[in-house]
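Residue-level listing of the chains:
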Amino acid sequence: MRTLLIKNGTVVTHDGIKQADILVKDGKITSISPNISENSNQTIDAKKLLVMPGGVDVHTHMELPAGDIFSSDTFETGTLAALHGGTTTIIDFANQTKGQSLKKAFSRWQERANGKTYTDYGLHIAVTDVNDNTLREMDEFFSGEGVTSFKTFLAYEHNKINLENLRMVMKKAKELGGIVSLHAEDGGILEKKLCEFQKTGKTSPEYHYLAHPEIAEEKATAEAIDLAIKEDCPLYIVHLTSKKALDHIISAQKNGAKIFAETCPHYLVLNKEKYYNPDHLEAAKFIMSPPLRCDEDREALWEGIFNGHIQVIGTDHCPFTLSQKKKNLSEFWKIPNGIPGVENRMELFFHEAVNRRGLSLTEFVKLCSQNPAKIFGLENIKGHIAPGFDADIILFDPNEEHILSSETHHMNVDYSPYEGMKIKGRCKKVIFKGKVVIDDNKSLISHPEGIYLKRT
Ligand SMILES: [Zn+2]
């Protein structure tokens, strides 16, 4: 039996903060109490460090096909970068292709991911073609593969479904005990805007922002919430960016609807000014959908976090290199959509939320680890420090300062959206299932040991 003892740390979980030691046996946490004196193979002194659950990022796109290219992090490089930043579990998306089965999507993603991840991972399935077979397959994947969450889109030719189809997916998910997530943008509004800009020669990157107006997000959010209430199905809005959409979420939550919201660090830290850079490649670094918004939206998101209306910080990690971004700079709709972030999420959010705005440590753990684990069916193994849970633990120095840069990050992308930003708070050690895998920014692991997680 392999044992690890973490001594003298300040243990932070969603339900409290205490001085305690943690004993780990064969990758699982077995006890937490002051002054554990059992012999162990390895003992770590966590004095002056915060001891928190490993991060759970439920929104990543590793090796995502985008036309004839892929997002630049593979499951291997992306999950190793995640570990460096304290994230020990990811949930990525297997996207159905219209005309094909969910099975095909799932197996294509498993070919890329299985055996190649340094973190544990799950897969959501994005449902883009709703028919009898798809609905039957939702049953199969729920019970057979532990896929408890189904993503939907109301925009984009390849992904879009209509409201009646969304209702059918919700009805099925409700019957199964699963959850539906939504990329909330209205396709009709987006198509009209794009067409207008193409016709009038407005094709540079700032029009990406103007082609994805807040109203498109608000409309899709409101319509999906109405359906979710009618079908009594839990609904999770991914990458929320704007105040008006959030207002719909808040009023539904106040009426008791099971509506959850996620936002991402870039929407909390950056704003739309990035798109007005005369250097179009600089602007292209920030092209993702929905786009960055104005400061008023950003402040509303922060308020939503502090008031408990936003439950999860995800990243929507989907990096493209500068050479991938560089093609077609004069036709904004052809610039690959996505921004890196999986490695930065915990440290950057800690700095912005805890240091700068005074969020409590327990809320930090809820937003980055426990809530995502709970909402997506990992409640009893991830996101918490308690007996029986996987020993995914980070030792975090709240006072160490460092500078974010593409020269030092581990993500396979040659720019950082946060280049040069000085932040306080750093993961000093990352423990993955009882093993120290990152120590002072060095990886101690030689090959991927993550497994696929069947969720419940
Ligand atoms: Zn995404």
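Please refer to the structure placed before this passage.
Basis of the calculations
Residues numbered from 1 in each chain as written. Predicted model: local features only at pLDDT ≥ 70, side-chain atom pairs only at ≥ 80, totals over all residues. Heavy atoms only, no water. Helix = DSSP H or I, 4+ residues; strand = E, 2+ residues; numbered from the N terminus. Rg over C-alpha atoms; globule rule 2.2 N^0.38 Å. Contact = heavy atoms within 4.5 Å. Areas by Shrake-Rupley, 256 points an atom, 1.4 Å probe, with all protein chains shown as cover. Lys, Arg positive; Asp, Glu negative; His and termini not counted. Charge placed at Lys NZ, Arg CZ, Asp CG, Glu CD. Donors = N, O, S within 2.8 Å, 3.2 Å for Na, K, Ca; no water. Buried < 20%, exposed > 50% of the residue type's maximum accessible area, 1.4 Å probe, protein only. Expected span 1.5 Å × (residues − 1). Arc of directions from axis to C-beta. Pairing = 2+ DSSP bridges. Axes fitted to C-alpha atoms, helices over the stretch in contact; angles between N-to-C directions.

Asks: Summarise the overall build of the protein chain; cite the residues concerned and give the values.
Replies: Looking only at helices and strands, the protein chain has 14 helices and 19 strands in total. Relative to a compact globule of 456 residues, whose C-alpha radius of gyration would be 23 Å, the protein chain shows 21 Å and is just as compact. The principal-axis extent of the C-alpha atoms belonging to the protein chain is close to 70 × 50 × 40 Å. In the protein chain, of all internal contacts separated by at least 6 residues, the share reaching a separation of at least 24 is 76%. Only carbon and sulfur atoms are counted for the fraction: they give 48% of the accessible area of the protein chain, which is about 17,300 Å². Mean positive and mean negative side-chain charge positions of the protein chain (55 and 62 charges, respectively) differ by 1 Å.

Asks: Talk me through the coordination of the zinc ion; I want residue IDs and the actual numbers.
Replies: Bound to the zinc ion are the protein donor atoms H59 (NE2), H61 (NE2) and D316 (OD), situated 2.1 to 2.2 Å from the metal. Counting gaps between the donor residues of the zinc ion yields the pattern H-x1-H-x254-D. Of this pair, H61 sits in the loop between strand 6 (55-60) and strand 7 (65-66) while D316 sits in the loop between strand 15 (312-313) and helix 12 (322-326), and the two are 255 residues apart along the sequence. Like D316, H61 is buried.

Asks: Mind laying out helix 2 (residues 102-113), listing which residues take part and the relevant values?
Replies: Helical geometry note: an α-helix holds 3.6 residues per turn, so side chains three or four residues apart project in the same direction. Between its terminal C-alpha atoms helix 2 stretches 16 Å, which fits the 16 Å expected from 12 residues at 1.5 Å a residue. Among all positions of helix 2, only L102, A105, F106, W109, Q110, R112 and A113 are buried. Take helix 2 and look down its axis: the buried residues cluster within an arc of 160°, on one side only. Within helix 2, the exposed residues directed more than 90 degrees away from the buried face are K103 and E111. Tucked inside the fold, the buried residues of helix 2 contact strand 7, strand 8 (69-70), helix 1 (75-84), strand 9 (87-95), strand 10 (120-126) and helix 3 (132-145). With its phi angle positive at about 80°, G115 sits one or two positions after the end of helix 2.

Asks: Provide a residue-level description of the sheet that holds strand 10, including the pertinent values.
Replies: Read across the sheet, 8 strands follow the order 6-9-10-11-12-13-14-15 without closing on themselves; strand pairing throughout is parallel. The strands lining the two open edges of the sheet, one partner per strand, are strand 6 and strand 15. Here strand 12 (residues 179-183) pairs with strand 13 (residues 235-237) via 3 bridges, running parallel. Residue pairing in the sheet places V180 in a bridge with L235 of strand 13. Along the sheet, helix 8 (residues 243-254) makes contact with strand 13 and strand 14 (259-263), crossing strand 14 at roughly 145°.

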